[in-house]
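Residue strings, one per chain:
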Amino acid sequence: MSVPVPYLDLKAQYHSLKGEIDAEIFSTLESSAFILGPKVAAFEKNFAEWVGAKHCVGLNSGTTANWLSLWALGIGPGDEVIVPAFTFFATASTVALCGATPIFADVDPKTYTLDPADAARKRTARTKAVVPVHLFGHPYDHDAVTAALPGVTIIEDAAQAHGTKYKGKNAGTLAPIACFSFYPGKNLGAYGEGGACTTSDDALAEKVKLLREHGMPRRYEHAMLGINGRLEGIQGAVLGAKLPSLKGWNHRRRQIAHTYHAAFRGLPGVQVPEEASWGESIYHCYVLQLNDRDGFVARASEKKIGTGVHYPKPLHLQPAFAHLNGKAGDHPVSESVAARCVSLPIYPEMTDAQIESVIECVTGWVRKQ
Ligand SMILES: *Cc1c(COP(=O)(O)O)cnc(C)c1O
């Protein structure tokens, strides 16, 4: 008996913590601390501790985190920043927003993360930084990227990696600075927009704090340019209420991923996501590769199984980057994964019947091929 499985079910998670979340929201309303304030300060302290970084700076989105980390490092016109061709747009668009040029490199076919060898080939005299992504919750190979690009500053895009581990270390502590997103669908999600930078560098933390508040060390004194990039009080309150559950949620996602692996591994025409021996994924997405991906998505939708496609078009082929003259064939792995990838529902609140229905949908479809 197949049961409906939405791709995401944020309401189920809310109901599991409704008491705590409601109380935190209402106490924020009573305090009128709507922007930054004590709830955000408490969350910043707790999240920094959770990640194992010295500082966490709360921001109004993950995109802002990407943008301000580049800005704080002084990336600007004339600079090149290497980014994977297969990731969410913000990893690369924020490079361009700083006036620098994103240079695309291909990804590894097993982990979907930046291919260090291809990144090394893209280096020029102008290369200032690289933004590898812990994509879908799986870490990129930090030591290999460091070795491939000596002297190039690394900025971790940890937007999908709240709890991801690389050789036992947490994502968010590997590079000088890291960027997190608290978009509602992320493993740790706000009830609106949210993001943060983590760093153990005091000067970088101070710089990001200035940039998120109009370069303003004291009220109406502007030491430098900046933007309004602050995290809201209510989002800090919600994130604070959810943080104690994150470890358990990630654990449950891993269990579901292992159940999927066991059911799908070896099916003809299906490639399951591989976890590298040095990595521990938090499975923000569970991404299969299939031959007739669009056919499967249509079939799943008929069976009321929600799916996602992350991401259907690699960045070097996006119209926004047309001026960089990317063409089909430039990044063959990114292009092939973009054509074949499908994300299955994976969230801690899924019932066993729902997990079974997703498995049935995939295996049934493969049998019919
Ligand atoms: C979600 C995401 C971002 C941007 O975060 P927002 O909070 O949506 O602005 C950046 N990079 C990656 C890889 C993401 O998944």
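Up top is the structure these notes are about.
Calculation notes
- Residues numbered from 1 in each chain as written.
- Predicted model: local features only at pLDDT ≥ 70, side-chain atom pairs only at ≥ 80, totals over all residues.
- Heavy atoms only, no water.
- Pairing = 2+ DSSP bridges.
- Helix = DSSP H or I, 4+ residues; strand = E, 2+ residues; numbered from the N terminus.
- Right-handed = clockwise from strand over helix to strand, strands pointing away.
- Core = buried A, V, L, I, M, F, W, Y, C linked by side-chain atoms within 4.5 Å.
- Buried < 20%, exposed > 50% of the residue type's maximum accessible area, 1.4 Å probe, protein only.
- Contact = heavy atoms within 4.5 Å.
- Near = heavy atom within 4 Å.
- Polar contact = N/O pair within 3.5 Å; in protein donor to acceptor, adjacent residues only side chain to side chain.
- Areas by Shrake-Rupley, 256 points an atom, 1.4 Å probe, with all protein chains shown as cover.
- Nonpolar A, V, L, I, M, F, W, Y, C, P; charged D, E, K, R; others polar.
- Phe/Tyr/Trp six-rings, centres within 6.5 Å; stacked < 30°, edge-to-face > 60°.

Visitor: Outline the pairing of strand β4 (residues 127-130), supporting the account with residue identities and numerical values.
Guide: Looking at chain direction, strand β2 (residues 80-84) and β4 are connected through three bridges and run parallel. From the neighbouring strand, Glu80 faces β4, where its bridge partner is Thr127. In the sheet, β4 pairs with strand β5 (residues 153-157) via two bridges, with the strands oriented parallel. Opposite Val130, over in β5, you have Ile154 as the bridge partner. As for the winding sense of the linkage, the β-α-β connection from β4 through helix α7 (residues 142-148) to β5 is right-handed.

Visitor: Summarise the nonpolar core; cite the residues concerned and give the values.
Guide: Residues Leu59, Leu70, Val81, Val83, Phe104, Ile155 and Val208 are the most contacted members of the largest nonpolar core, which totals 28 residues. Ignoring anything within four residues of it in the chain, the contact list for Val208 reads Val57, Leu59, Leu68, Ala72, Ile177 and Cys197.

Visitor: Can you explain the site of the ligand? Please cite residues and give values.
Guide: Residues in contact with the ligand amount to 16 residues; listed here are only the nearest, Gly62, Thr63, Gln160, Ser181 and Lys186. At a separation of 2.9 Å, a nitrogen atom of the ligand approaches a polar side-chain atom of Asp157. At 2.6 Å from an oxygen atom of the ligand is found a side-chain nitrogen or oxygen belonging to Ser181. Compared with its free state, where it exposes 380 Å², the ligand has 93% of that area covered by protein. Broken down by secondary-structure element, the contributors of at least two residues to the shell around the ligand are α4 (62-72) and α5 (90-97). Of the residues contributing to the shell around the ligand, the split by class is five nonpolar, nine polar and two charged.

Visitor: Pulling in residues and values, what's your account of the packing of aromatic side chains?
Guide: Under the counting rule described, the total for this entry stands at 21 aromatic pairs. Measuring from ring centre to ring centre gives 5.6 Å for Trp67 and Trp71, while their planes differ by 35°; the resulting arrangement is tilted. Taken as a pair, Trp67 and Trp71 lie in helix α4 at a separation of four residues, close to a single helical turn. You can call Trp67 partly exposed: its relative accessible area is 22%. Taking 6.1 Å as the distance between ring centres and 40° as the angle between the ring planes, the aromatic pair formed by Phe88 and Tyr311 counts as tilted. Of this pair, Phe88 sits in the loop between β2 and α5 while Tyr311 sits in the loop between α11 (293-302) and α12 (332-340); the two residues are 223 residues apart in sequence, bridging distant segments of the chain. Judged by its relative accessible area of 44%, Phe88 falls in the partly exposed class. Taking the relative accessible area as the measure of exposure, Tyr311 reaches 14% and is therefore buried. One aromatic cluster is present, built from ring pairs that chain together Phe43, Phe47, Trp50, Phe180 and Phe182.

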